[in-house]
Amino acid sequence: MLPPQVITEHEGFLVVRDDLIAGGTKRRVLSELFNDMPEQELVYPSIPYGSGPVAMAYSARDTGKKAVLFYPYRKRENWSRQMAEAEAAGAKIILVKGGNLKTLTKRTKDYADSHADARCLELGFDTPEYADKLAEIARALPVTPSEVWCASGTGAISRALQKAWPDAEHHAVIIDEEKADVGKAKPHSLTKSFNDAAAKPPFPASPHFEGKAWDIVKREAKHGALFWNVGG
């Protein structure tokens, strides 16, 4: 059983602190979803700095399943912190030479197709089941925000938060313009390239994702707005 979510105030904004649990928000959602999945192996195309694979590893461990993560090939001494943490949490790591995202996605699907007890998860966990579960978790918080911000890769988290709080004004800081579908949220572009880390916010956050989003929140959000730090 994961601990309840915590909201703290930083620089005039409310921050959902899912950095306080290993695997963050995605672990909260996936651990519940995995319980309802009959497959024992859960497979995912992974980027080295992504929080999703880390959440996969912890959620699989929580539910007695096995996470199989396909990453672009790197020598072990060049693994990211997230890759090492996913392996330490019990995930099987498969390295793919020349592994761009298209290649990784194909390899994960091929693996799942060739293993009867395996299931390939959508990139960014972008499914109705994921959105419904995250919206349910958000609605259970003791706040009803009028303005909501988050970092967004595929847009799945922003769209789920829109379901939770349909009357709020939503903003999404876009990490990848080509993949993001942020629904009715106002999109904001990064002011730094993905590989340039942002200054550290006053709470633990991914320098490539929420760290960059926090820079924009401080500059553009209204006082009292809620920022969802997915952690992981």
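Engineer: How do you make sense of the packing of aromatic side chains when you look at a structure like this?
Structural biologist: Here the distance between the centres and the angle between the planes together describe a pair of aromatic rings. Tallying each qualifying case throughout the model produces eight aromatic pairs. For the ring pair Phe70 and Tyr111, a centre distance of 5.7 Å and an interplane angle of 70° mean the geometry is edge-to-face. One end of the pair, Phe70, is in strand E4 (residues 66–72); the other, Tyr111, is in helix H4 (residues 101–114), with 41 residues separating them in the sequence. For the pair shown, Phe70 and Tyr111 are each scored as buried. Note on Trp165 and Trp228: the rings are 6.3 Å apart at their centroids and 50° apart in plane angle, and the pair reads as tilted. Of the two residues, Trp165 sits in the loop between helix H6 (156–164) and strand E8 (169–174) while Trp228 sits in strand E10 (residues 226–229), which places them 63 residues apart along the sequence. Here the aromatic residues Phe13, Phe203, Trp214 and Phe227 are joined through ring pairs into a cluster of three or more. The ring of Tyr73 carries the charged tip of Lys97 above its face, separated from the ring centre by 5.5 Å.

Engineer: Looking at this structure, I do not really get the packing of helix H5 (residues 128–139) against H6. What am I missing?
Structural biologist: Contact geometry for H5 and H6: axes closest at 8 Å, N-to-C directions at 55°. Between H5 and H6, the interaxial angle falls into the category oblique. Seen from above, H5 lies across H6 with right-handed handedness. Contacts between H5 and H6 involve Ala131, Asp132, Leu134, Ala135, Ala138 and Arg139 on the former and, on the latter, Ile157, Ala160, Leu161, Lys163 and Ala164. Of the residues contributing to the contact of H5 with H6, the split by class is eight nonpolar, no polar and three charged.

Engineer: Would you explain the sheet that holds strand E3 (residues 41–45) in this entry?
Structural biologist: By definition, the strands of a sheet pair up through backbone hydrogen bonds, in either a parallel or an antiparallel sense. Pairing is parallel in the open sheet, where four strands are placed in the order E5-E4-E3-E6. Edge strands, defined here as strands with exactly one partner in the open sheet, are strand E5 (92–96) and strand E6 (118–120). For this sheet the average axis-to-axis angle between neighbouring strands, irrespective of direction, equals 25°. Across five bridges, the pairing between E3 and E4 is parallel. Along E4, the bridge assignment pairs Pro45 with Phe70. The sheet strands contacting helix H2 (residues 52–62) are E3 and E4, and the helix crosses E4 at an angle near 160°. Across the sheet, H4 touches E3, E4, E5 and E6, and the angle it forms with E3 is around 165°.

Engineer: Help me understand H6 in this model?
Structural biologist: The α-helix winds at 3.6 residues per turn, so residues separated by three or four positions along the chain end up facing the same way. Across the nine residues that make up H6, a large majority, seven, are buried. Where H6 is concerned, the buried positions are Ala156, Ile157, Ser158, Ala160, Leu161, Gln162 and Ala164. On its buried face, H6 is in contact with helix H1 (24–35), H5, strand E7 (147–152), E8 and E10.

Engineer: What exactly am I supposed to notice about the nonpolar core here?
Structural biologist: Across soluble globular proteins, you tend to see nonpolar side chains buried next to one another. Judged by nonpolar contacts, the single largest core of 43 residues is most densely connected at Leu30, Met56, Leu69, Leu121, Leu161, Trp165 and Trp228. The contact partners of Trp228, leaving out residues within four places of it in the chain, are Gln5, Val16, Asp18, Thr25, Leu134, Ala138, Leu141, Trp149, Cys150, Leu161, Trp165 and Glu210. Residues Val15, Trp149, Ala151 and Phe203 belong to the second largest nonpolar core, which totals 16 residues.

Engineer: Just to check I follow, could you spell out the side chain of His188 for this structure?
Structural biologist: Tracing the chain through its elements places His188 in strand E9 (residues 186–189). With near-sequence residues (within four places) excluded, His188 lies in contact with Trp149, His171, Ala172, Val173, Ile174, Ile216 and Glu220.

Engineer: Any chance you could explain helix H7 (residues 210–220) here in plain terms?
Structural biologist: For H7, the buried fraction is high: eight of the 11 residues fall into the buried class. Residues of H7 that are buried: Glu210, Gly211, Lys212, Ala213, Trp214, Asp215, Ile216 and Val217. Check the buried side of H7 and you find it contacts strand E1 (7–10), strand E2 (13–17), E7, E8, E9 and E10.

Thresholds, definitions, all that
Residues numbered from 1 in each chain as written. Predicted model: local features only at pLDDT ≥ 70, side-chain atom pairs only at ≥ 80, totals over all residues. Heavy atoms only, no water. Phe/Tyr/Trp six-rings, centres within 6.5 Å; stacked < 30°, edge-to-face > 60°. Helix = DSSP H or I, 4+ residues; strand = E, 2+ residues; numbered from the N terminus. Buried < 20%, exposed > 50% of the residue type's maximum accessible area, 1.4 Å probe, protein only. Lys NZ or Arg CZ within 6 Å of the ring centre and 35° of its normal. Axes fitted to C-alpha atoms, helices over the stretch in contact; angles between N-to-C directions. Parallel < 35°, antiparallel > 145°, perpendicular 65-115°, else oblique. Left-handed = near helix turned anticlockwise from the far one by under 90°. Contact = heavy atoms within 4.5 Å. Nonpolar A, V, L, I, M, F, W, Y, C, P; charged D, E, K, R; others polar. Pairing = 2+ DSSP bridges. Core = buried A, V, L, I, M, F, W, Y, C linked by side-chain atoms within 4.5 Å.

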